[in-house]
Amino acid sequence: ADRLRRLALAALSAAIEVKPDFVSAWVNRGILRRHMGDLDGSIADQEQAVKLQPEVASNWANLGNSHKAAADQRTGAARDRALAACMAAYDRAVGLAPAKPDILLPRGHLHTVLGSRAKAAADYRKALEVAPKDWRLRGRVEEFLREVSE
């Protein structure tokens, strides 16, 4: 698996070198770097994707995911900064695509981490509202709402 990841990383880096405005390569390299534990590299790649396509909500969500992964590895003020950057990215993503459960759910989770259960519940309810027939989503939302009501 590590060998394949290194090959994929090299291929994405080569694609970026040839075509620096290839947003999908930046996004995918950032995701790959996050999975490989290179969180600063992941954040840098996702920031470049956002710079190239700031109107794409999923680019902001990916940036938020990278900041969240970094926060999970940090403590103190560094963790707080990463969480704030994560929330800012998720807020931007939701602002661009307010009806996307795959963006609302991570922001809802982050609200929980930050201690704002009411905001988390609102994001989870909105996700369910926009995708009422998604049974997997319904199960996750109902479980979360049970947890926050305890």
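For the structure itself, consult the block above.
Residues numbered from 1 in each chain as written. Predicted model: local features only at pLDDT ≥ 70, side-chain atom pairs only at ≥ 80, totals over all residues. Heavy atoms only, no water.

Trainee: What's the story with the packing of aromatic side chains in this structure? I'm lost.
Mentor: Given two aromatic rings, one states the distance between the centres and the angle between the planes to describe the pair. For the structure on display, the rule yields one aromatic pair. Ring geometry for Tyr124 against Phe144: centres 4.1 Å apart, planes inclined by 10°, an arrangement best described as stacked. Of this pair, Tyr124 sits in helix α7 (residues 117-130) while Phe144 sits in helix α8 (residues 135-149); the two residues are 20 residues apart in sequence, bridging distant segments of the chain. Residues Tyr124 and Phe144 agree in their burial class; the two are buried. The ring of Trp135 carries the charged tip of Arg136 above its face, separated from the ring centre by 5.7 Å. (Phe/Tyr/Trp six-rings, centres within 6.5 Å; stacked < 30°, edge-to-face > 60°. Helix = DSSP H or I, 4+ residues; strand = E, 2+ residues; numbered from the N terminus. Buried < 20%, exposed > 50% of the residue type's maximum accessible area, 1.4 Å probe, protein only. Lys NZ or Arg CZ within 6 Å of the ring centre and 35° of its normal.)

Trainee: Looking at this structure, how should I read the packing of helix α2 (residues 23-36) against helix α4 (residues 57-73)?
Mentor: Relative placement of two packed helices is described by the angle separating their axes and the distance separating the axes. Contact geometry for α2 and α4: axes closest at 10 Å, N-to-C directions at 20°. Judged by the angle between their axes, α2 and α4 are roughly parallel. Between α2 and α4 lies a crossing of left-handed hand. Contacts between α2 and α4 involve Val23, Val27, Ile31 and Arg34 from the former and Asn59, Asn62, Asn65, Ser66 and Ala69 from the latter. A per-class count over the contact of α2 with α4 returns four nonpolar, four polar and one charged. (Axes fitted to C-alpha atoms, helices over the stretch in contact; angles between N-to-C directions. Parallel < 35°, antiparallel > 145°, perpendicular 65-115°, else oblique. Left-handed = near helix turned anticlockwise from the far one by under 90°. Contact = heavy atoms within 4.5 Å. Nonpolar A, V, L, I, M, F, W, Y, C, P; charged D, E, K, R; others polar.)

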